[in-house]
Amino acid sequence: MNCYIKLTILVVILTSELANAWQLIGTGVNYKEFANSDSNNVLIAYAGYNVNQAQTNAWSDRLMLKSTLKNSQYGIKHVYSVRGPQDVYYNAKEIQNSKLIAHLYGLMASANAAPKLIVILSHSSGTYVTDEFFTQLYNKMAANPNDSIYRALRKRIVFYNLDGGTVPTRKDDAYINTLFGAINFVWASKGSLSSMNAAGMINAKNSYSKTLNIKSVEVVANKAQCTNSKCLHDAV
């Protein structure tokens, strides 16, 4: 196969993925299906403070087309893009996580198959919005212990806290073991410089049971043109 044909095929694939329109699910929540997988695995991307929906959608598209999440091993088919909160600590509670959960439940019910993996990436203040999602999902599971879909979602979440708040705020084993397969607290460094919330990310894992799969992950960002902690925070 010559290079021109390979390039044409690649462009067609990328264009078809981007052509799928983002659908409004609820306030601050968009959804898109990617046709690169036969599985029902899920990505939820929570943006940080004041990041608008268009920017969050572009980030989510890039994650699916440029990062390792595009690889077949992850089997990501369903992607939710959640815009940043309007205030740093998410006091307004304006994002409709409840609509996201209802939509995800409906997808699993119609497919008659639960995801084996739910990857959640949450940057900066987006972690406070994510914490609300965790609480609402856990409450649904607790209120419906015999529901086959909620039972199938147990321990499916792999959470990446990207230099955010120390979320999840609930740290008891029953809560964590119900929701999570793994939790990763991610921070960035460049020489002696660290991202804004590095200390929280380094120490957070010590707040949870030692039996849980919780890690502090350092991203060495030597190629970033950063000279301050805020820049490294944004680069995570």
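In case you missed it, the structure is sitting above this.
Reading the values: the criteria
Residues numbered from 1 in each chain as written. Predicted model: local features only at pLDDT ≥ 70, side-chain atom pairs only at ≥ 80, totals over all residues. Heavy atoms only, no water. Helix = DSSP H or I, 4+ residues; strand = E, 2+ residues; numbered from the N terminus. Expected span 1.5 Å × (residues − 1). Disulfide = S-S within 2.5 Å. Buried < 20%, exposed > 50% of the residue type's maximum accessible area, 1.4 Å probe, protein only.

Visitor: Is there a simple way to think about helix H3 (residues 97-111) in this case?
Guide: The periodicity of an α-helix, 3.6 residues per turn, causes residues three or four positions apart to be oriented the same way. The terminal C-alpha atoms of H3, which comprises 15 residues, lie 21 Å apart, in line with the 21 Å expected from a rise of 1.5 Å per residue. One or two steps after H3, the chain reaches Asn112, where phi turns positive at roughly 55 degrees.

Visitor: Honestly, the state of the cysteines in this entry has me stumped. Any pointers?
Guide: Each disulfide consists of one covalent bond between the sulfur atoms belonging to two cysteines. Within this structure, the stated rule accounts for one disulfide. The residue that forms a disulfide with Cys226 is Cys231, at a sulfur-sulfur distance of 2.1 Å. Looking down the S-S bond of the Cys226 and Cys231 bridge, the torsion is -65 degrees, so its handedness is left-handed. Since its relative accessible area comes to 26%, Cys231 is described here as partly exposed.

Visitor: Could you clarify how one ought to interpret unusual backbone geometry in this entry?
Guide: If a residue is not glycine, its phi is most likely negative; likewise, a peptide bond is most likely trans. Backbone torsion omega between Val167 and Pro168 reads 10 degrees, so that peptide bond is classified as cis. Structurally, Pro168 is set in the loop between strand S6 (157-162) and helix H6 (173-179). Non-glycine residue Asn50 carries a positive phi angle of around 70 degrees. Tracing the sequence through the fold places Asn50 in the loop between strand S3 (41-46) and helix H2 (53-66). The exposure class of Asn50 is exposed, given its relative accessible area of 55%. Of note, Lys93 is a non-glycine position whose phi angle comes to about 55 degrees, a positive value. Inspection of the secondary structure puts Lys93 in the loop between strand S4 (76-82) and H3. Judged by relative accessible area, Lys93 falls into the partly exposed class, the value being 48%.

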